[in-house]
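Chain by chain, the residues run as shown.
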Amino acid sequence: MIKTDILIIGAGPTGLFAVFEAGLLQLKCHLIDALPQAGGQCSEIYPKKPIYDIPGFPEVLAGELVDNLMEQIRPFQPGFTLGERAETIEKLDDGTFVVTTNKGTKHHAPVVAIAGGLGSFEPRKPLLDNLAQYEDNGVAYMIKEPEVYRDKKVLIAGGGDSALDWSIFLADVAQEVTLVHRRNEFRGALDSVEKVQHLKNQGKIKLMTPAEVVSLHGDGKLEKVMVRNTDTDEDTEVAVDHFIPLFGLSPKLGPIGNWGLEIEKNAIKVDNTLDYQTNIPGIYAIGDVNTYPGKLKLILCGFHEATLMCQSAYQRIHPDKKYVMKYTTVGGVTGFDGSKKEAPKAVVKAID
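Overview of the structure. Since the model is a prediction, treat every value here as computed from it, not as a measurement.

## Side note on the pattern of salt bridges
Here is step 1 of the chain: The full count for this structure, using the stated rule, is 11 salt bridges.
Here is step 2 of the chain: Note that Glu 87 and Arg 85 form a salt bridge whose closest N and O atoms lie 3.0 Å from each other.
Here is step 3 of the chain: Each of Glu 71, Arg 74 and Asp 337 takes part in a single network of salt bridges with overlapping partners.

## A look at the pairing of strand 2 (residues 6-9)
Here is step 1 of the chain: Here strand 2 shows two buried faces, one formed by Ile 6 and Ile 8 and the other by Leu 7 and Ile 9.
Here is step 2 of the chain: Read as a crossover between parallel neighbours, the route from strand 2 over helix 1 (residues 13-24) to strand 3 (residues 29-33) is right-handed.

## Concerning unusual backbone geometry
Here is step 1 of the chain: For the bond from Thr 209 to Pro 210, the omega torsion is -15°, close enough to zero to count as cis.
Here is step 2 of the chain: One non-glycine residue, Gln 77, lies in the positive phi region at around 45°.
Here is step 3 of the chain: Along the polypeptide, Gln 77 turns up in the loop between helix 3 (62-73) and strand 6 (79-82).
Here is step 4 of the chain: Residue class for Gln 77 comes out partly exposed when judged on its relative accessible area of 38%.
Here is step 5 of the chain: The phi dihedral of Asp 233 falls on the positive side, at around 65°, and the residue is not glycine.
Here is step 6 of the chain: According to the relative accessible area criterion, Asp 233 is exposed, its value standing at 56%.

## Side note on a nonpolar patch on the surface
Here is step 1 of the chain: A cluster of nonpolar side chains, contributed by Leu 296, Leu 298 and Leu 300, occupies part of the molecular surface with about 220 Å² of accessible area.
Here is step 2 of the chain: Here Leu 298 is to be found in the loop between strand 23 (290-291) and helix 7 (299-317).
Here is step 3 of the chain: Looking at Leu 298, the relative accessible area reads 31%, which means it is partly exposed.

## Here's the deal with the packing of aromatic side chains
Here is step 1 of the chain: What the rule picks out here adds up to six aromatic pairs.
Here is step 2 of the chain: Ring centres of Phe 76 and Phe 336 lie 5.5 Å apart, and the angle between their planes is 75°; on these two criteria the pair is classed as edge-to-face. Of this pair, Phe 76 sits in the loop between helix 3 and strand 6 while Phe 336 sits in the loop between strand 24 (333-334) and strand 25 (340-341); the two residues are 260 residues apart in sequence, bridging distant segments of the chain.
Here is step 3 of the chain: Classification of Phe 76 by relative accessible area gives buried; the value is 1%.

## Observations concerning the sheet that holds strand 7 (residues 86-91)
Here is step 1 of the chain: With mixed pairing, four strands are arranged side by side in an open sheet as 1-9-8-7. With partners counted over all chains shown, the strands left at the sheet margins are strand 1 (2-3) and strand 7, one partner each.
Here is step 2 of the chain: Taken together, the two bridges between strand 1 and strand 9 (residues 106-109) define a ladder with parallel strand orientation. Directly across from Ile 2, in strand 9, lies its bridge partner His 107.

What counts and what doesn't
- Residues numbered from 1 in each chain as written.
- Predicted model: local features only at pLDDT ≥ 70, side-chain atom pairs only at ≥ 80, totals over all residues.
- Heavy atoms only, no water.
- Salt bridge = Lys/Arg side-chain N within 4 Å of Asp/Glu carboxyl O.
- Buried < 20%, exposed > 50% of the residue type's maximum accessible area, 1.4 Å probe, protein only.
- Helix = DSSP H or I, 4+ residues; strand = E, 2+ residues; numbered from the N terminus.
- Right-handed = clockwise from strand over helix to strand, strands pointing away.
- Patch = residues over 30% accessible without salt bridge, like charges linked within 9 Å, V, L, I, M, F, W, Y side chains within 5 Å.
- Areas by Shrake-Rupley, 256 points an atom, 1.4 Å probe, with all protein chains shown as cover.
- Phe/Tyr/Trp six-rings, centres within 6.5 Å; stacked < 30°, edge-to-face > 60°.
- Pairing = 2+ DSSP bridges.

Just distances and angles here, no functional claims.
What follows is the structure in structure tokens.
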């Protein structure tokens, strides 16, 4: 059983910043996310897209924002349960909670903060008759461990940043990489498109456009796929060990919708702007997953909500203590790892 002060469900920017604000209050955090890495949509969907409304950053790439947040919270040593979805919640007699994931990992905390963005993300799957037959037998929707594909024949389908980036990465890992996209144009970053073109010219990536995978074949395990050129309707058989369709993620509230929380239009209702607590005391919702009058789905609003949530969580965890807020410019930042950041003290010296 993993024990912590605040259990955060969702490791996107809002969830990550909550770790920092909790750390200032000397509260420990653990995060659960169904994705295999922290960062939420910023890491999974558009890591190379610029964001223009983060205070202090005229422009910052989504992936860089996540990297900065991870560096900011590093002194507070958060725990992570990644690649697992929060499935059930149980409220104990003492008012604390036990959250269990789809893989059976249990987490115990007095406060739960749902920061799941638009909810849990499920992969958008291609419409192929026998797709489920090959799931975990050659078909995967995320790349968790690139070494799995060492010296293998890999076919990636998709036209966004994930498909391009993984094709580039696996070009030096896999025996053979084939990238299939239904259009000739790609939606990813220009430099990624140019790298794919360069690797194609070198013979390191086989590019098939405009085309789509129309059928899967193999005896128990995936052995080959049929790719159809959408201009000519000509089918080409491609021998593969792995097929990875990267068509993006579909947001869903998922099992959290069955936790007894008040839901409105696939979002969790909270107590307006007081502390973003739900109808169940001790469970909060921050970021894009919540709704209240005047709600704006912006990262900077999620940061604000995370800050107020942590103040309320502190009072719930330590009802007999009074917290006096100190600005970081005055008190500095003391990490759980012993690190200390503070402004240099003024030197008082008498003048002769």
